[in-house]
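Here is what each chain is made of, one letter per residue.
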Amino acid sequence: MSAPLLTVENLSRHFGGVRAVNDVSFAVEAGAITGLIGPNGAGKTTTFNLISGLLPPTSGTVRLDGGMLTGLRPDRVAAQGVARTFQGIRIFPALTVAQNLRTAVLAGMRLGFWEDLLNLPAAQRAEAAATRAVTVLLCDIGLEDRADDIANSLSYAHQSLLGIGLALAVRPRLLLLDEPFAGMNPSETQQAARMVTRIRDSGITVVLVEHDMPAVMGVCDHIVVLDQGSKIADGTPAEIRSDRRVIEAYLGTDDDA
Amino acid sequence: MRTLGVLLAILLIAVPPFMAEYHVYLLSLTLLWGIFALSMGLVLGFIGEINFGQAAFVAIAAYASSLLRLKLGFSFWSAAPVALALVVGLAALVGLITLRLRGPFFALVTLGFGEIVRLIITNWQDLTNGPLGLRPIAPPESLFGLRFDSKLGFYYLVFATLCVSLAALARLIRARTGRMMIAVREDEVLAGFVGIPVLRHKVIGLCFSALVAGLGGLLIGPFLTLLAPGQFDLFASVDMVVMVVVGGVGTLAGPLIGAVFLVFMPEALSFARELRPVMMGGLLIIVTIFLPGGVIGLLRHGLTRLSSAGRGRLAVLR
Amino acid sequence: MLAQQLTNGLVLGSIYALASLGFTLIYGAARVVNFAYGEMLMLGAFVTLMVMNGLGLEFFLALPLAMAVMAAASVAIYLVIVRPVIRRTELQVLLVTTGLLYVLHDMAVTIWGTDPRQMDMGLDGVLEIGDVIVPYQRLVVVVTMLALVGGLYFMLYHLRVGKALRAVAQNRFGAQAIGLNVDRVVSFAFAVSGALACAAGALLGALYAVDPGMGSAPMLKSFVIVIFGGLGSVPGAIVGGLVIGLTETLTGSYISYGFKDVFTFLLMIGMLLLRPQGLLGARRS
């Protein structure tokens, strides 16, 4: 096995007296889909926010390919090749789908301030390259015929796809998906799961947080299970399915499955 | 829209020589406020914050250039770049400190900044002559054979400044930097995670806004022939806000329309002066509640009814 | 000398704290920054004066009546101009209260003119403790501030409506989910805020003078104080008021009178850089 792309070491985050995430360590294999699961309040989303740098950890580190991610500003995290989506979806609501993607594509381009402002040839080349990239992205997420729609007017499932498109526009090595199948019907979930697999096959490592257990089991190569802020299991879907502690953790809660 | 703009520009160049001096003065005043409103429009519409210290940027440019002229013998033209550099530099500094804050916090702190600047101007009497103000401030020296010592000559200088400001901002919001600014306004967190340095783009926005405010500030001294700290109080900044909101937030034409509505019309119709603040405040409330798109929004609504072709245009605007 | 300055600073601080209470309460309850709050102080002072002259009442009898009037006015402001935009953007709430500032100020100028008027509290004389001198009028301000703070705390922690208010302040959606009528609670907060504005304005008016311009100085102070102490925090307003009052008095008498406000603004900006939520404010994500 190759060296892991992402290493999480002794990660903790406390809110006042609450230990939302407590001494969690795991590694993410390059080129695989890793799922982060657990009952409600297990600390999945907090872990996710710690990895992506939305929250600073109380202690512990996150490394990407050996380089430190902890403490970096979001735009620096993106520059390192890490992109994420958000629970409940974040898009640029007043822009069209194409403008949304174009913004994210342009953000990652090297272009001098004055070259851009004075519209020098370099800027025009960047714009042309962005147009091509947007066309490809629209095709990847299957929203070609929605390109000129205002993002706010899209259906929930389509907004979710656009959210993934925005993350892909960053050209990530590592893609963090926060509940990618939330609010989708079974056929939409299947479609989205196929897309996640396609993303992995194109060489992008994926980590996802998800509630939908069948979808997680079907799509993930590797699963990390959290309960009450701590890691309780780590293995292939088959191993997780038969893990006693995981079954207990899930049966122990009333309203979760 | 573009043809309309060109037509309007031609009118603004061709008609004033045939106007009464008072109306030329009024037109200059309107355009000057148009420049200030434009600078506020960038903050309000493209950063998404209220800057209650905007008048301080105007004041700093006005005082810096006038002091350089009065005390050190600079010409208007050699003082201008120095004053503008000072304002933009200060805006960068203020922005780095304050733009980490959002909403009411940013508004309150910029209000504090504006007050600090006004207090310093009022109290540093050796330099600024305090509340009595600086006077007389001469019109700009002639440049390339153009003279600015008449009402008409000065009007053309104001007009040219407005055009330059408008062109610079129009380019900014079409450039990558501008689109990054819009993304930050739309969703700061998401913008960060798609790789946009959030604070930097807000600071750049504030610097451009200060540059435009400063350009107007250079002109206000010679225009009034007098500078006093009272001209740059909170109400000056709020007036700019009202113009932007009435005209239309998130557009470049909006602030200019706002200036025409709130400066030119009341004066030209010799509206009761005492009622002006009530009108300003009342309009701000009514437009915000019932017409968030302002006059531009109303016009656009009418246009989209006529043809649905302009659909994509709305996208860059809120 | 120093003891006198410290006393002056504390008294001034009490006035400032009083002027900031209603402002910070509204922010805490409804996330509304009322830019017109200073004008409400001014209006409160005029209403008190009207009640005194109209009904021939003493200051301290007129004040509760005036506070009731201002409470009603404040609720009307909420219902007519704030509620329509409260669910839209933060920017729009700032815009309507800024508009209100203009309207109230100019209405006052039109109705009452710009000449300052005297308002007699009916209390003369001074209290002397050693070298320290405090006029009774100022002492009354401190006592009133303490009484109002006491009343506010009693209301917030012991009355149903106060508990509801705190619940709404902490979590609007949670409060709604457990069946609280958020709209009514916020209206109540506006009423309390209006009454507090009236008390602060009347006392300020009695100490100095009543005129349409009297609202702008305390408004600016309130902003500095609540940001320093923590926007939305009642104890923050009190501590902030005292700190700012002391800073102003001490820097004003020992460093430079003209620049005393600059020092307090710098204090505010320093706090924002070190602790953006303010001294006693709760961190918000």
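Just above sits the structure.
Since we're looking at a predicted model, the values are computed, not measured.

Engineer: I'd love a proper account of helix H13 (residues 276-290) of chain B, names of residues and values included.
Structural biologist: Here H13(B) spans 20 Å end to end across 15 residues, near enough to the 21 Å set by a 1.5 Å rise per residue. Here H13(B) has its buried residues at Met279(B), Met280(B), Gly281(B), Gly282(B), Leu284(B), Ile285(B), Val287(B), Thr288(B) and Ile289(B).

Engineer: Could you give an account of the interface of chain C and chain B, with specific residues and numbers?
Structural biologist: Of the residues lining the interface, 39 residues belong to chain C; the matching set on chain B comes to 39 residues. Regarding the contact of chain C and chain B, the summed buried area is about 3,400 Å², with carbon and sulfur atoms giving 84% of it. Among the residues chain C hides against chain B, the three largest losses belong to Leu91(C), Leu95(C) and Tyr102(C). Together they make up 20% of the total. The tally of links from chain C across to chain B stands at zero salt bridges. The tally of links between chain C and chain B comes to three residue pairs in polar contact (both at pLDDT 80 or more). Elements represented by at least two residues in the side of chain C that touches chain B include exactly helix H3 (59-82), helix H4 (90-112), helix H9 (216-229) and helix H11 (260-274) of chain C. Among the elements that take part in the side of chain C that touches chain B, H4(C) stands out by supplying 14 residues, more than any other. For the side of chain C that touches chain B, the per-class residue count stands at 30 nonpolar, four polar and five charged.

Engineer: How would you summarise the arrangement of the chains if you had to cite specific residues and measurements?
Structural biologist: Between all two pairs of chains that are in contact, chains B and C come out with the most contacts. Contact between chain A and chain C is absent, and the minimum C-alpha spacing across the pair is 10 Å.

Engineer: Which residues make up the packing of aromatic side chains, and what values do they have?
Structural biologist: Applying the stated criterion across every chain, the model contains 20 aromatic pairs over all chains. Note on Phe113(A) and Trp114(A): the rings are 5.0 Å apart at their centroids and 80° apart in plane angle, and the pair reads as edge-to-face. Of the residues examined, Phe113(A) reaches a relative accessible area of 31% and is grouped as partly exposed. We classify Trp114(A) as exposed; its relative accessible area is 54%. Their ring planes at 40° and their centres at 5.1 Å tell us that Phe23(C) and Phe223(C) sit as a pair that is tilted. Of the two residues, Phe23(C) is situated in helix H1 (residues 2-30) and Phe223(C) in helix H9; the sequence distance between them amounts to 200 residues. You'll find Phe23(C) and Phe223(C) in the same group, each marked buried.

Engineer: I'd like to hear about the pattern of salt bridges, residue by residue, with values.
Structural biologist: This model, assessed by the stated rule, comprises 15 salt bridges over all chains. The salt bridge involving Asp234(A) is made with Lys231(A); its shortest N-O contact spans 2.9 Å. Look at Asp234(A) and you get partly exposed, because its relative accessible area is 32%. One connected set of salt bridges, linked through shared partners, spans Arg102(A), Glu127(A) and Arg179(B).

Engineer: An account of the sheet that holds strand S2 (residues 18-28) of chain A is requested, with residue identities and associated values reported.
Structural biologist: Residues and elements named next belong to chain A. The sheet built from four strands is open, its strands ordered S2-S1-S4-S5 with antiparallel pairing. Looking at strand neighbours, the two that pair on one side only are S2 and strand S5 (67-68), the edges of this open sheet. Of the pairings in the sheet, the one linking strand S4 (residues 59-64) to S5 comprises two bridges and is antiparallel in character. Opposite Leu64, over in S5, you have Gly67 as the bridge partner.

Engineer: Just give me the short version of the sheet that holds strand S10 (residues 230-235) of chain A, but keep the residues and values in it.
Structural biologist: Residues and elements named next belong to chain A. Strands sit in the order S6-S7-S8-S3-S9-S10 across an open sheet of six strands; the sheet is mixed. In this open sheet, the two strands that pair with only one neighbour each are strand S6 (82-84) and S10. Sheet twist, expressed as the average angle between the axes of neighbouring strands with direction ignored, equals 15°. Sheet analysis places strand S3 (residues 33-37) next to strand S9 (residues 222-227), joined by four bridges and oriented parallel. Each residue of the ladder has a partner; that of Gly35, found in S9, is Ile223. Strand contacts of helix H1 (residues 44-52): S3, S6, strand S7 (174-178), strand S8 (205-209) and S9, with the helix running at about 150° to S7, the strand carrying the most contacts.

Criteria and thresholds
Residues numbered from 1 in each chain as written. Chains lettered and ligands numbered in written order. Predicted model: local features only at pLDDT ≥ 70, side-chain atom pairs only at ≥ 80, totals over all residues. Heavy atoms only, no water. Helix = DSSP H or I, 4+ residues; strand = E, 2+ residues; numbered from the N terminus. Expected span 1.5 Å × (residues − 1). Buried < 20%, exposed > 50% of the residue type's maximum accessible area, 1.4 Å probe, protein only. Contact = heavy atoms within 4.5 Å. Buried area = accessible area lost by both parts, 1.4 Å probe. Salt bridge = Lys/Arg side-chain N within 4 Å of Asp/Glu carboxyl O. Polar contact = N/O pair within 3.5 Å; in protein donor to acceptor, adjacent residues only side chain to side chain. Nonpolar A, V, L, I, M, F, W, Y, C, P; charged D, E, K, R; others polar. Phe/Tyr/Trp six-rings, centres within 6.5 Å; stacked < 30°, edge-to-face > 60°. Pairing = 2+ DSSP bridges. Axes fitted to C-alpha atoms, helices over the stretch in contact; angles between N-to-C directions.

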